[in-house]
Amino acid sequence: MTPLLQVKGIEKRYGARIGCTDVNFDLYPGEVMGIVGESGSGKSTLLNCMAGHLEPDAGQVVFDTRAGGPMDTVTMTEPERRMLGRTDWAFVHQHARDGLRMSVSAGGNIGERLMAVGDRHYGAIRDKAVDWLGRVEIDESRVDDRPTAFSGGMQQRLQIARNLVTGPRLVFMDEPTGGLDVSVQARLLDLLRGLVREMGLSAIIVTHDLAVVRLLADRLMVMKSGHVVEAGLTDQVLDDPQHGYTQLLVSSVLQV
Amino acid sequence: MIELRDVSKSFTLHNQGSAVIPVMEGASLKVAPGECVALTGASGAGKSTLMRVIYGNYLAASGQVLVAGLDVAQAEPREILALRRETLGYVSQFLRVVPRVPTLEVVAEPLLTIGCDKTEALDKAASLLARLNIPEGLWRLSPTTFSGGEQQRVNIARGFVHDYPALLIDEPTASLDAQNRETVLSLIEEANARGAAIVGIFHDVGARERVCDREINVSEFTPGVAA
(Lines give C-alpha, C1' and ligand atoms only; values in the text may rest on other atoms or scores of the structure.)
Protein backbone atom coordinates (compact mmCIF):
# COMPACT_ATOMS: atom_id res chain seq x y z
CA MET A 1 0.00 0.00 0.00
CA THR A 2 1.27 3.51 -0.85
CA PRO A 3 1.22 5.94 2.05
CA LEU A 4 -1.30 8.74 1.55
CA LEU A 5 1.12 11.27 2.98
CA GLN A 6 4.87 11.03 3.41
CA VAL A 7 6.53 13.70 5.47
CA LYS A 8 10.28 13.82 5.06
CA GLY A 9 12.65 15.99 7.08
CA ILE A 10 10.33 18.95 7.54
CA GLU A 11 11.96 21.95 9.16
CA LYS A 12 10.67 25.45 9.80
CA ARG A 13 12.68 28.15 11.53
CA TYR A 14 11.61 31.55 12.68
CA GLY A 15 14.94 33.33 12.45
CA ALA A 16 17.24 31.50 14.80
CA ARG A 17 14.36 29.90 16.65
CA ILE A 18 13.22 26.42 15.73
CA GLY A 19 9.56 26.05 14.78
CA CYS A 20 9.81 22.37 14.10
CA THR A 21 12.67 20.28 12.80
CA ASP A 22 13.46 16.85 11.46
CA VAL A 23 9.89 15.55 11.30
CA ASN A 24 9.46 12.30 9.40
CA PHE A 25 6.46 9.98 9.14
CA ASP A 26 4.19 8.11 6.75
CA LEU A 27 0.43 8.26 7.02
CA TYR A 28 -1.60 5.47 5.43
CA PRO A 29 -5.19 5.68 4.13
CA GLY A 30 -7.70 5.42 6.97
CA GLU A 31 -5.21 6.28 9.68
CA VAL A 32 -5.79 8.99 12.25
CA MET A 33 -2.70 10.50 13.77
CA GLY A 34 -2.61 12.74 16.80
CA ILE A 35 0.09 15.31 17.51
CA VAL A 36 0.37 16.38 21.14
CA GLY A 37 2.71 18.64 23.05
CA GLU A 38 2.62 21.76 25.19
CA SER A 39 1.95 25.23 23.81
CA GLY A 40 4.84 26.38 21.69
CA SER A 41 6.12 22.89 20.98
CA GLY A 42 5.68 23.34 17.25
CA LYS A 43 2.49 21.33 16.70
CA SER A 44 0.63 24.01 14.80
CA THR A 45 3.72 25.10 12.87
CA LEU A 46 4.12 21.52 11.69
CA LEU A 47 0.44 21.23 10.78
CA ASN A 48 0.55 24.49 8.81
CA CYS A 49 3.69 23.38 6.99
CA MET A 50 2.03 20.12 5.98
CA ALA A 51 -1.19 21.79 4.90
CA GLY A 52 0.65 24.32 2.76
CA HIS A 53 -0.21 27.36 4.89
CA LEU A 54 3.43 27.88 5.77
CA GLU A 55 6.43 27.23 3.59
CA PRO A 56 8.86 24.87 5.30
CA ASP A 57 12.57 25.73 5.11
CA ALA A 58 13.49 22.16 4.31
CA GLY A 59 11.89 18.84 3.63
CA GLN A 60 9.14 17.27 1.53
CA VAL A 61 5.43 16.66 2.01
CA VAL A 62 4.55 13.98 -0.53
CA PHE A 63 0.86 13.41 -1.11
CA ASP A 64 -0.57 10.53 -3.13
CA THR A 65 -2.77 12.52 -5.52
CA ARG A 66 -5.72 10.92 -7.31
CA ALA A 67 -4.54 11.94 -10.74
CA GLY A 68 -0.78 11.94 -10.68
CA GLY A 69 0.29 9.64 -7.84
CA PRO A 70 2.74 10.79 -5.18
CA MET A 71 3.72 14.47 -5.59
CA ASP A 72 5.71 16.82 -3.40
CA THR A 73 3.23 19.49 -2.33
CA VAL A 74 5.95 21.87 -1.17
CA THR A 75 7.35 22.28 -4.67
CA MET A 76 4.11 22.00 -6.65
CA THR A 77 2.64 25.15 -8.18
CA GLU A 78 0.32 27.39 -6.22
CA PRO A 79 -2.77 26.57 -8.37
CA GLU A 80 -2.13 22.85 -7.93
CA ARG A 81 -1.83 23.25 -4.19
CA ARG A 82 -4.99 25.35 -4.06
CA MET A 83 -6.87 22.71 -6.03
CA LEU A 84 -5.69 20.10 -3.54
CA GLY A 85 -6.87 22.33 -0.70
CA ARG A 86 -10.35 22.41 -2.21
CA THR A 87 -10.67 18.75 -3.11
CA ASP A 88 -8.62 16.08 -1.36
CA TRP A 89 -7.56 18.16 1.63
CA ALA A 90 -9.57 19.79 4.34
CA PHE A 91 -8.48 22.00 7.20
CA VAL A 92 -10.51 22.37 10.37
CA HIS A 93 -9.42 25.43 12.30
CA GLN A 94 -9.45 25.71 16.06
CA HIS A 95 -11.68 28.77 15.84
CA ALA A 96 -14.61 28.08 13.55
CA ARG A 97 -14.59 31.77 12.57
CA ASP A 98 -11.27 31.25 10.78
CA GLY A 99 -12.72 28.50 8.63
CA LEU A 100 -16.18 29.91 7.89
CA ARG A 101 -17.54 32.89 6.04
CA MET A 102 -19.41 34.58 8.80
CA SER A 103 -21.54 36.79 6.54
CA VAL A 104 -22.80 33.96 4.33
CA SER A 105 -25.61 31.54 5.28
CA ALA A 106 -24.85 28.08 6.65
CA GLY A 107 -26.00 26.51 3.39
CA GLY A 108 -23.83 28.97 1.46
CA ASN A 109 -20.82 28.03 3.53
CA ILE A 110 -21.23 24.40 2.57
CA GLY A 111 -22.18 25.22 -1.02
CA GLU A 112 -19.17 27.42 -1.60
CA ARG A 113 -16.79 24.49 -1.44
CA LEU A 114 -18.98 22.53 -3.82
CA MET A 115 -19.03 25.40 -6.30
CA ALA A 116 -15.26 25.69 -6.02
CA VAL A 117 -14.97 22.20 -7.47
CA GLY A 118 -17.43 22.89 -10.26
CA ASP A 119 -20.96 22.19 -8.97
CA ARG A 120 -23.40 24.64 -10.54
CA HIS A 121 -26.90 23.23 -10.04
CA TYR A 122 -28.49 25.28 -7.26
CA GLY A 123 -30.98 22.61 -6.22
CA ALA A 124 -28.34 19.90 -6.02
CA ILE A 125 -26.02 22.12 -4.00
CA ARG A 126 -28.79 23.03 -1.58
CA ASP A 127 -29.81 19.38 -1.17
CA LYS A 128 -26.26 18.43 -0.39
CA ALA A 129 -25.94 21.29 2.09
CA VAL A 130 -29.10 20.19 3.88
CA ASP A 131 -27.89 16.59 3.91
CA TRP A 132 -24.61 17.64 5.51
CA LEU A 133 -26.28 19.87 8.07
CA GLY A 134 -28.20 16.77 9.12
CA ARG A 135 -25.05 14.70 9.35
CA VAL A 136 -23.46 17.17 11.73
CA GLU A 137 -26.72 17.39 13.65
CA ILE A 138 -27.74 20.92 12.76
CA ASP A 139 -31.45 21.33 12.13
CA GLU A 140 -32.49 21.78 8.50
CA SER A 141 -34.43 24.93 9.37
CA ARG A 142 -31.13 26.71 10.09
CA VAL A 143 -29.83 26.37 6.54
CA ASP A 144 -30.44 30.04 5.70
CA ASP A 145 -29.11 31.41 8.99
CA ARG A 146 -25.70 32.97 9.19
CA PRO A 147 -23.07 31.29 11.36
CA THR A 148 -23.02 34.44 13.51
CA ALA A 149 -26.38 33.25 14.83
CA PHE A 150 -24.94 29.84 15.78
CA SER A 151 -23.43 28.72 19.07
CA GLY A 152 -19.72 27.89 19.21
CA GLY A 153 -20.34 24.15 19.01
CA MET A 154 -22.69 24.55 16.04
CA GLN A 155 -20.17 26.75 14.25
CA GLN A 156 -17.54 24.08 14.76
CA ARG A 157 -19.85 21.40 13.36
CA LEU A 158 -20.72 23.64 10.42
CA GLN A 159 -17.02 24.08 9.75
CA ILE A 160 -16.61 20.31 9.69
CA ALA A 161 -19.55 19.92 7.30
CA ARG A 162 -18.09 22.60 4.99
CA ASN A 163 -14.79 20.77 4.96
CA LEU A 164 -16.06 17.26 4.43
CA VAL A 165 -18.73 17.92 1.80
CA THR A 166 -16.31 17.48 -1.09
CA GLY A 167 -15.21 14.07 0.20
CA PRO A 168 -11.60 14.87 1.06
CA ARG A 169 -9.15 12.07 1.74
CA LEU A 170 -7.03 13.90 4.29
CA VAL A 171 -8.24 16.22 7.02
CA PHE A 172 -5.97 18.46 9.06
CA MET A 173 -7.47 19.48 12.38
CA ASP A 174 -6.11 22.09 14.73
CA GLU A 175 -7.60 21.61 18.20
CA PRO A 176 -11.04 20.72 16.81
CA THR A 177 -12.62 20.37 20.25
CA GLY A 178 -10.69 23.15 22.00
CA GLY A 179 -12.84 25.79 23.63
CA LEU A 180 -16.03 23.74 23.51
CA ASP A 181 -17.82 22.55 26.59
CA VAL A 182 -17.48 18.87 27.40
CA SER A 183 -20.93 17.70 26.30
CA VAL A 184 -20.45 19.33 22.90
CA GLN A 185 -16.96 17.86 22.76
CA ALA A 186 -18.36 14.36 23.24
CA ARG A 187 -20.88 14.88 20.42
CA LEU A 188 -18.19 16.15 18.14
CA LEU A 189 -15.88 13.24 18.93
CA ASP A 190 -18.65 10.76 18.25
CA LEU A 191 -19.41 12.54 14.99
CA LEU A 192 -15.78 12.64 13.87
CA ARG A 193 -15.24 8.99 14.66
CA GLY A 194 -18.31 7.98 12.69
CA LEU A 195 -17.26 10.10 9.70
CA VAL A 196 -13.72 8.75 9.77
CA ARG A 197 -15.05 5.20 9.74
CA GLU A 198 -17.74 5.71 7.09
CA MET A 199 -15.69 7.80 4.68
CA GLY A 200 -12.35 6.08 5.23
CA LEU A 201 -10.73 9.43 5.98
CA SER A 202 -7.19 9.93 7.10
CA ALA A 203 -6.69 12.71 9.59
CA ILE A 204 -3.97 14.54 11.45
CA ILE A 205 -5.20 16.06 14.67
CA VAL A 206 -3.26 18.59 16.69
CA THR A 207 -4.45 18.87 20.25
CA HIS A 208 -3.21 19.09 23.80
CA ASP A 209 -6.07 16.99 25.12
CA LEU A 210 -4.81 13.46 25.72
CA ALA A 211 -8.31 12.09 26.25
CA VAL A 212 -9.28 13.27 22.77
CA VAL A 213 -6.35 11.54 21.10
CA ARG A 214 -6.97 8.34 23.02
CA LEU A 215 -10.46 8.15 21.62
CA LEU A 216 -9.77 9.44 18.11
CA ALA A 217 -6.22 8.71 17.08
CA ASP A 218 -4.62 5.41 16.08
CA ARG A 219 -1.17 6.85 16.27
CA LEU A 220 0.44 9.55 18.31
CA MET A 221 3.39 11.86 17.92
CA VAL A 222 4.69 13.82 20.91
CA MET A 223 6.48 17.12 20.29
CA LYS A 224 8.66 19.24 22.50
CA SER A 225 10.59 22.37 21.48
CA GLY A 226 10.10 21.64 17.81
CA HIS A 227 11.34 18.06 17.98
CA VAL A 228 9.38 14.83 17.82
CA VAL A 229 10.40 13.11 21.05
CA GLU A 230 8.24 10.03 20.77
CA ALA A 231 5.91 8.40 18.25
CA GLY A 232 3.94 5.19 18.12
CA LEU A 233 0.64 3.49 18.72
CA THR A 234 -1.61 5.81 20.75
CA ASP A 235 -2.28 3.48 23.66
CA GLN A 236 1.34 2.38 23.78
CA VAL A 237 2.59 5.97 23.99
CA LEU A 238 0.01 6.85 26.64
CA ASP A 239 0.21 3.65 28.71
CA ASP A 240 3.93 3.05 28.47
CA PRO A 241 5.62 6.35 27.58
CA GLN A 242 9.34 5.96 26.95
CA HIS A 243 10.50 9.57 26.88
CA GLY A 244 10.80 11.68 30.01
CA TYR A 245 8.68 14.47 28.57
CA THR A 246 5.85 12.12 27.57
CA GLN A 247 5.92 10.60 31.04
CA LEU A 248 5.58 14.05 32.52
CA LEU A 249 2.76 14.90 30.12
CA VAL A 250 0.81 11.71 30.84
CA SER A 251 1.28 11.92 34.59
CA SER A 252 0.15 15.56 34.62
CA VAL A 253 -3.38 14.80 33.43
CA LEU A 254 -6.00 15.40 36.08
CA GLN A 255 -8.11 12.36 36.80
CA VAL A 256 -11.85 12.89 36.66
CA MET B 1 -0.99 -18.60 17.88
CA ILE B 2 0.58 -16.57 20.68
CA GLU B 3 4.24 -17.07 21.40
CA LEU B 4 6.67 -15.15 23.60
CA ARG B 5 10.39 -15.72 23.26
CA ASP B 6 12.66 -14.46 26.01
CA VAL B 7 10.76 -11.25 26.55
CA SER B 8 11.85 -8.68 29.10
CA LYS B 9 10.24 -5.47 30.22
CA SER B 10 11.45 -2.61 32.40
CA PHE B 11 10.13 0.82 33.22
CA THR B 12 12.43 3.86 33.25
CA LEU B 13 11.05 6.72 35.30
CA HIS B 14 12.82 9.77 33.87
CA ASN B 15 11.14 12.17 36.24
CA GLN B 16 11.95 10.23 39.37
CA GLY B 17 15.73 10.18 39.25
CA SER B 18 15.74 7.98 36.14
CA ALA B 19 14.95 4.95 38.25
CA VAL B 20 14.90 1.76 36.18
CA ILE B 21 12.49 -0.86 37.41
CA PRO B 22 12.92 -4.26 35.78
CA VAL B 23 9.59 -6.05 35.94
CA MET B 24 9.96 -9.03 33.65
CA GLU B 25 12.83 -11.14 32.37
CA GLY B 26 13.11 -14.21 30.19
CA ALA B 27 9.37 -14.61 29.68
CA SER B 28 8.64 -17.40 27.21
CA LEU B 29 5.33 -19.08 26.57
CA LYS B 30 3.34 -20.62 23.77
CA VAL B 31 -0.42 -20.82 23.38
CA ALA B 32 -1.87 -22.98 20.62
CA PRO B 33 -5.25 -22.45 18.92
CA GLY B 34 -8.03 -23.94 21.04
CA GLU B 35 -6.00 -23.65 24.21
CA CYS B 36 -6.81 -21.56 27.26
CA VAL B 37 -3.93 -20.56 29.52
CA ALA B 38 -4.26 -18.82 32.88
CA LEU B 39 -1.65 -16.41 34.16
CA THR B 40 -1.17 -16.75 37.88
CA GLY B 41 0.93 -15.07 40.53
CA ALA B 42 0.50 -12.63 43.38
CA SER B 43 -0.65 -9.06 42.81
CA GLY B 44 2.18 -7.08 41.26
CA ALA B 45 3.88 -10.19 39.87
CA GLY B 46 3.28 -8.88 36.35
CA LYS B 47 0.20 -10.67 35.03
CA SER B 48 -1.36 -7.57 33.52
CA THR B 49 2.02 -6.33 32.33
CA LEU B 50 2.54 -9.56 30.41
CA MET B 51 -0.91 -9.24 28.90
CA ARG B 52 -0.30 -5.65 27.83
CA VAL B 53 3.02 -6.64 26.29
CA ILE B 54 1.11 -9.15 24.15
CA TYR B 55 -1.54 -6.58 23.21
CA GLY B 56 1.17 -4.07 22.33
CA ASN B 57 0.29 -1.20 24.63
CA TYR B 58 3.41 -1.96 26.63
CA LEU B 59 6.62 -1.98 24.66
CA ALA B 60 8.78 -5.04 25.31
CA ALA B 61 12.40 -4.12 26.08
CA SER B 62 13.76 -7.19 24.33
CA GLY B 63 12.66 -10.52 22.93
CA GLN B 64 9.92 -11.46 20.49
CA VAL B 65 6.15 -11.31 20.97
CA LEU B 66 4.57 -13.26 18.14
CA VAL B 67 0.82 -13.14 17.59
CA ALA B 68 -0.35 -14.91 14.43
CA GLY B 69 3.18 -14.56 13.08
CA LEU B 70 3.51 -10.80 13.71
CA ASP B 71 6.18 -9.61 16.13
CA VAL B 72 4.24 -7.07 18.20
CA ALA B 73 7.46 -5.82 19.82
CA GLN B 74 8.80 -4.63 16.44
CA ALA B 75 5.73 -4.06 14.27
CA GLU B 76 4.57 -0.77 12.78
CA PRO B 77 1.53 0.85 14.42
CA ARG B 78 -0.69 0.06 11.44
CA GLU B 79 0.29 -3.61 11.51
CA ILE B 80 -0.65 -3.81 15.18
CA LEU B 81 -3.92 -2.00 14.48
CA ALA B 82 -4.77 -4.50 11.74
CA LEU B 83 -3.89 -7.35 14.07
CA ARG B 84 -6.21 -5.93 16.74
CA ARG B 85 -9.03 -5.45 14.28
CA GLU B 86 -8.93 -8.93 12.82
CA THR B 87 -7.10 -11.29 15.10
CA LEU B 88 -6.39 -10.19 18.63
CA GLY B 89 -9.17 -9.29 21.04
CA TYR B 90 -8.72 -7.87 24.51
CA VAL B 91 -11.31 -7.80 27.27
CA SER B 92 -9.88 -5.37 29.81
CA GLN B 93 -11.25 -4.66 33.24
CA PHE B 94 -12.30 -1.17 32.33
CA LEU B 95 -14.62 0.09 29.67
CA ARG B 96 -13.34 3.04 27.67
CA VAL B 97 -15.81 4.55 25.21
CA VAL B 98 -16.76 7.76 23.47
CA PRO B 99 -19.46 9.33 25.66
CA ARG B 100 -22.99 9.45 24.24
CA VAL B 101 -22.62 6.37 22.00
CA PRO B 102 -25.42 3.84 22.65
CA THR B 103 -24.43 0.53 24.23
CA LEU B 104 -25.62 -1.48 21.24
CA GLU B 105 -23.25 0.42 18.95
CA VAL B 106 -20.40 0.20 21.44
CA VAL B 107 -20.75 -3.59 21.33
CA ALA B 108 -21.18 -3.75 17.55
CA GLU B 109 -18.22 -1.48 16.85
CA PRO B 110 -15.53 -4.20 16.46
CA LEU B 111 -17.68 -5.75 13.73
CA LEU B 112 -18.34 -2.42 12.01
CA THR B 113 -14.63 -1.60 11.84
CA ILE B 114 -13.92 -4.80 9.93
CA GLY B 115 -16.62 -3.86 7.44
CA CYS B 116 -19.44 -6.10 8.64
CA ASP B 117 -22.97 -5.26 7.51
CA LYS B 118 -24.61 -2.88 9.99
CA THR B 119 -27.83 -4.82 10.57
CA GLU B 120 -25.94 -8.05 11.03
CA ALA B 121 -23.50 -6.42 13.46
CA LEU B 122 -26.30 -4.88 15.52
CA ASP B 123 -28.18 -8.20 15.59
CA LYS B 124 -25.16 -10.02 16.88
CA ALA B 125 -24.51 -7.31 19.48
CA ALA B 126 -28.15 -7.51 20.61
CA SER B 127 -28.07 -11.27 21.05
CA LEU B 128 -24.88 -11.05 23.14
CA LEU B 129 -26.28 -8.28 25.33
CA ALA B 130 -29.43 -10.34 25.87
CA ARG B 131 -27.37 -13.35 26.78
CA LEU B 132 -25.41 -11.31 29.31
CA ASN B 133 -28.66 -10.06 30.90
CA ILE B 134 -28.34 -6.39 30.02
CA PRO B 135 -31.96 -5.17 30.06
CA GLU B 136 -33.11 -4.18 26.59
CA GLY B 137 -34.19 -0.77 27.87
CA LEU B 138 -30.53 0.13 28.40
CA TRP B 139 -29.28 -0.71 24.91
CA ARG B 140 -30.08 2.76 23.56
CA LEU B 141 -28.19 4.47 26.39
CA SER B 142 -24.48 5.12 26.72
CA PRO B 143 -22.78 2.63 29.07
CA THR B 144 -20.89 5.42 30.87
CA THR B 145 -23.64 5.66 33.48
CA PHE B 146 -24.05 1.90 34.03
CA SER B 147 -23.13 0.05 37.22
CA GLY B 148 -19.73 -1.63 37.48
CA GLY B 149 -21.06 -5.10 36.74
CA GLU B 150 -23.08 -3.87 33.78
CA GLN B 151 -20.10 -2.05 32.32
CA GLN B 152 -18.05 -5.17 32.68
CA ARG B 153 -20.63 -7.24 30.84
CA VAL B 154 -20.82 -4.64 28.06
CA ASN B 155 -17.05 -4.89 27.80
CA ILE B 156 -17.25 -8.67 27.60
CA ALA B 157 -19.93 -8.51 24.92
CA ARG B 158 -17.67 -6.14 22.95
CA GLY B 159 -14.76 -8.57 23.27
CA PHE B 160 -16.77 -11.57 22.13
CA VAL B 161 -18.82 -10.02 19.33
CA HIS B 162 -16.14 -10.75 16.75
CA ASP B 163 -14.71 -14.28 16.63
CA TYR B 164 -11.11 -13.32 17.30
CA PRO B 165 -8.62 -16.16 16.76
CA ALA B 166 -6.69 -14.91 19.81
CA LEU B 167 -8.16 -13.42 22.97
CA LEU B 168 -6.73 -11.78 26.07
CA ILE B 169 -9.08 -11.71 29.03
CA ASP B 170 -8.41 -9.79 32.22
CA GLU B 171 -10.55 -10.82 35.22
CA PRO B 172 -13.76 -11.52 33.30
CA THR B 173 -15.79 -12.72 36.27
CA ALA B 174 -14.59 -10.28 38.93
CA SER B 175 -17.79 -8.44 39.80
CA LEU B 176 -20.44 -10.76 38.39
CA ASP B 177 -23.19 -12.77 40.06
CA ALA B 178 -23.40 -16.57 39.69
CA GLN B 179 -25.68 -16.57 36.65
CA ASN B 180 -23.68 -14.03 34.65
CA ARG B 181 -20.45 -15.72 35.67
CA GLU B 182 -21.85 -18.91 34.17
CA THR B 183 -22.67 -17.13 30.89
CA VAL B 184 -19.20 -15.61 30.67
CA LEU B 185 -17.52 -18.95 31.33
CA SER B 186 -19.56 -20.64 28.64
CA LEU B 187 -18.66 -17.83 26.21
CA ILE B 188 -15.01 -18.57 26.94
CA GLU B 189 -15.57 -22.30 26.47
CA GLU B 190 -17.33 -21.70 23.15
CA ALA B 191 -14.48 -19.48 21.95
CA ASN B 192 -12.05 -22.21 22.90
CA ALA B 193 -14.09 -24.82 21.11
CA ARG B 194 -14.06 -22.83 17.85
CA GLY B 195 -10.27 -22.75 18.09
CA ALA B 196 -9.39 -19.45 19.74
CA ALA B 197 -6.16 -19.20 21.66
CA ILE B 198 -6.93 -17.58 25.02
CA VAL B 199 -4.72 -16.03 27.68
CA GLY B 200 -6.58 -15.06 30.81
CA ILE B 201 -6.19 -13.73 34.32
CA PHE B 202 -8.66 -15.28 36.75
CA HIS B 203 -8.64 -14.66 40.47
CA ASP B 204 -11.69 -16.88 40.70
CA VAL B 205 -10.10 -20.32 41.25
CA GLY B 206 -13.27 -22.22 40.30
CA ALA B 207 -13.50 -20.39 36.98
CA ARG B 208 -9.83 -20.92 36.30
CA GLU B 209 -10.02 -24.64 36.91
CA ARG B 210 -13.08 -24.96 34.75
CA VAL B 211 -11.99 -23.18 31.57
CA CYS B 212 -8.20 -23.31 31.60
CA ASP B 213 -6.02 -26.10 30.25
CA ARG B 214 -2.81 -24.84 31.82
CA GLU B 215 -1.46 -22.33 34.28
CA ILE B 216 1.64 -20.20 33.91
CA ASN B 217 3.03 -18.62 37.03
CA VAL B 218 4.37 -15.21 36.00
CA SER B 219 6.54 -14.90 39.11
CA GLU B 220 8.95 -17.20 37.27
CA PHE B 221 9.58 -14.21 35.01
CA THR B 222 10.07 -11.73 37.83
CA PRO B 223 13.68 -10.57 37.86
CA GLY B 224 15.60 -11.60 40.94
CA VAL B 225 13.20 -14.43 41.76
CA ALA B 226 13.91 -16.64 38.79
CA ALA B 227 17.16 -18.59 38.98
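Residues numbered from 1 in each chain as written. Chains lettered and ligands numbered in written order. Predicted model: local features only at pLDDT ≥ 70, side-chain atom pairs only at ≥ 80, totals over all residues. Heavy atoms only, no water.

Caption draft 1: Local environment of the overall build of chain A. Regarding its fold elements, chain A presents 10 helices and 10 strands. Since a compact globule built from 256 residues should have a radius of gyration of about 18 Å, the 18 Å found for chain A is in line with a globular shape. Dimensions of chain A, computed from the C-alpha atoms along their principal axes, are close to 55 × 45 × 35 Å. Within the span of chain A, comprising 256 residues, buried residues form 53% of the whole. Counting contacts in chain A only where the partners sit at least 6 residues apart, residues at least 24 apart contribute 67% of the total. Accessible surface for chain A amounts to roughly 11,000 Å². Of this, 49% is attributable to carbon and sulfur atoms. Each charge class in chain A was averaged separately, 27 positive and 33 negative side chains, and the resulting centres sit 5 Å apart. (Helix = DSSP H or I, 4+ residues; strand = E, 2+ residues; numbered from the N terminus. Rg over C-alpha atoms; globule rule 2.2 N^0.38 Å. Buried < 20%, exposed > 50% of the residue type's maximum accessible area, 1.4 Å probe, protein only. Contact = heavy atoms within 4.5 Å. Areas by Shrake-Rupley, 256 points an atom, 1.4 Å probe, with all protein chains shown as cover. Lys, Arg positive; Asp, Glu negative; His and termini not counted. Charge placed at Lys NZ, Arg CZ, Asp CG, Glu CD.)

Caption draft 2: Highlighting the state of the cysteines. Taken as a whole and assessed by the stated rule, the structure comprises zero disulfides over all chains. There is no disulfide at Cys49 of chain A, and the cysteine sulfur nearest it, in Cys20 of chain A, is 4.9 Å away. By relative accessible area, which is 2% here, Cys49 of chain A ends up buried. Cys212 of chain B carries a free sulfur, and the closest cysteine sulfur to it, the one in Cys36 of chain B, is 3.6 Å from it. (Disulfide = S-S within 2.5 Å.)

Caption draft 3: Quick look at the pattern of salt bridges. All names here are of chain B. Counted under the stated rule, the structure contains 28 salt bridges over all chains. Its salt-bridge partner being Arg210, residue Glu182 comes within 3.1 Å of it at the nearest N-O pair. Taken together, the residues span a long stretch of sequence, with Glu182 in helix H6 (residues 178–193) and Arg210 in helix H7 (residues 205–211) at a distance of 28 residues. For Glu182, a relative accessible area of 39% gives the class partly exposed. (Salt bridge = Lys/Arg side-chain N within 4 Å of Asp/Glu carboxyl O.)

Caption draft 4: Region of interest: the interface of chain A and chain B. In this complex, chain A contributes 25 residues to the contact, which on the side of chain B involves 25 residues. Interface of chain A and chain B: buried area, both sides summed, is about 2,200 Å²; carbon and sulfur atoms make up 55% of it. Taken together, chain A and chain B are joined by 11 residue pairs in polar contact (both at pLDDT 80 or more). Of all the elements in the fold, those that place two or more residues in the side of chain A that touches chain B are helix H7 (182–199), helix H8 (210–216), strand E10 (227–233), helix H9 (234–239) and helix H10 (244–251) of chain A. For the side of chain A that touches chain B, the element with the highest residue contribution is H7 of chain A, accounting for six residues. Grouping the amino acids of the side of chain A that touches chain B by side-chain chemistry returns seven nonpolar, six polar and 12 charged. (Buried area = accessible area lost by both parts, 1.4 Å probe. Polar contact = N/O pair within 3.5 Å; in protein donor to acceptor, adjacent residues only side chain to side chain. Nonpolar A, V, L, I, M, F, W, Y, C, P; charged D, E, K, R; others polar.)

Caption draft 5: View of the environment of Cys212 of chain B. All names here are of chain B. The topology assignment puts Cys212 in the loop between H7 and strand E9 (214–217). Its relative accessible area of 13% is what places Cys212 among the buried residues. In sequence terms Cys212 and Ala38 are 174 residues apart; their C-alpha atoms lie 6.1 Å from each other.

Caption draft 6: Focus on the nonpolar core. Counting residues in each nonpolar core, the largest one holds 91 residues, and the members touching the most others are Ile110, Leu158 and Val171 of chain A together with Ile156, Phe160, Ile188 and Ile198 of chain B. At seven residues, the largest contribution of residues to this core is made by H7 of chain A. Look past the residues within four positions of Leu158 of chain A in its chain and what remains in contact with it is Leu100, Ala106, Asn109, Ile110, Leu133, Ile138, Pro147 and Phe150 of chain A. Core analysis: the second largest hydrophobic core is formed by 37 residues, Tyr58, Leu83, Tyr90 and Phe221 of chain B among them. (Core = buried A, V, L, I, M, F, W, Y, C linked by side-chain atoms within 4.5 Å.)

Caption draft 7: Spotlight on the sheet that holds strand E2 (residues 17–27) of chain A. All names here are of chain A. Read from one edge to the other, the open sheet built from four strands follows the order E2-E1-E4-E5, with strand pairing classed as antiparallel. A single partner strand is all that each edge strand has here, and the edge strands are E2 and strand E5 (69–72). The mean inter-strand angle of the sheet, taken between neighbouring strand axes irrespective of direction, is 20 degrees. In terms of strand pairing, strand E1 (residues 5–14) meets strand E4 (residues 58–65) through five bridges, oriented antiparallel. (Pairing = 2+ DSSP bridges. Axes fitted to C-alpha atoms, helices over the stretch in contact; angles between N-to-C directions.)

Caption draft 8: Highlighting the side chain of Gln155 of chain A. Residues and elements named next belong to chain A. Inspection of the secondary structure puts Gln155 in helix H6 (residues 152–164). Note on Gln155: relative accessible area 8%, which makes it buried. Separated by 2.9 Å, the side chain of Gln155 and the backbone oxygen of Pro147 make a polar contact. Setting aside anything within four residues of it in sequence, one finds Gln155 in contact with Ala96, Arg97, Leu100, Met102, Pro147, Thr148 and Phe150.

Caption draft 9: Quick look at the sheet that holds strand E4 (residues 62–67) of chain B. Residues and elements named next belong to chain B. Judged by pairing direction, the sheet is antiparallel, and its four strands sit side by side in the order E2-E1-E4-E5 without closing on themselves. The sheet terminates laterally at strand E2 (19–31) and strand E5 (70–71), the two strands that pair on one side only. Pairing of E4 with E5, which is carried by two bridges, proceeds in the antiparallel orientation. In the strand pairing of E5, Leu66 is matched with Asp71.

Caption draft 10: Looking closely at unusual backbone geometry. Residue and element names in this part refer to chain B. Although it is not a glycine, Asp6 adopts a positive phi angle of roughly 50 degrees. Along the chain, the position of Asp6 falls in strand E1 (residues 2–13). Classification of Asp6 by relative accessible area gives exposed; the value is 51%. One non-glycine residue, Ser18, adopts positive backbone phi at about 50 degrees. Along the polypeptide, Ser18 turns up in the loop between E1 and E2.

Caption draft 11: Examining helix H3 (residues 103–113) of chain B more closely. Counted residue by residue, H3 of chain B has nine buried out of 11 residues, so it is predominantly covered. Within H3 of chain B, the full set of buried residues consists of Thr103, Leu104, Val106, Val107, Ala108, Glu109, Pro110, Leu111 and Leu112 of chain B. For H3 of chain B, the secondary structure elements touched by its buried residues are H7 of chain A together with helix H4 (118–131) and helix H5 (148–160) of chain B. Where H3 of chain B ends, the next residue or the one after it, Gly115 of chain B, has phi of about 85 degrees, a positive value.

Caption draft 12: Molecular detail of the packing of H3 of chain B against H4 of chain B. Residue and element names in this part refer to chain B. In contact at an axis separation of 8 Å, H3 and H4 are set at 125 degrees when each is read in the N-to-C sense. It follows that H3 is oblique to H4 by the angle criterion. The two elements H3 and H4 meet at a crossing, and its hand is right-handed. Facing H3, whose interface residues are Thr103, Leu104, Glu105, Val107, Ala108, Leu111 and Leu112, H4 presents Lys118, Ala121, Leu122, Lys124, Ala125, Ala126 and Leu129. In terms of residue class, the contact of H3 with H4 is built from 10 nonpolar, one polar and three charged. (Parallel < 35°, antiparallel > 145°, perpendicular 65-115°, else oblique. Left-handed = near helix turned anticlockwise from the far one by under 90°.)

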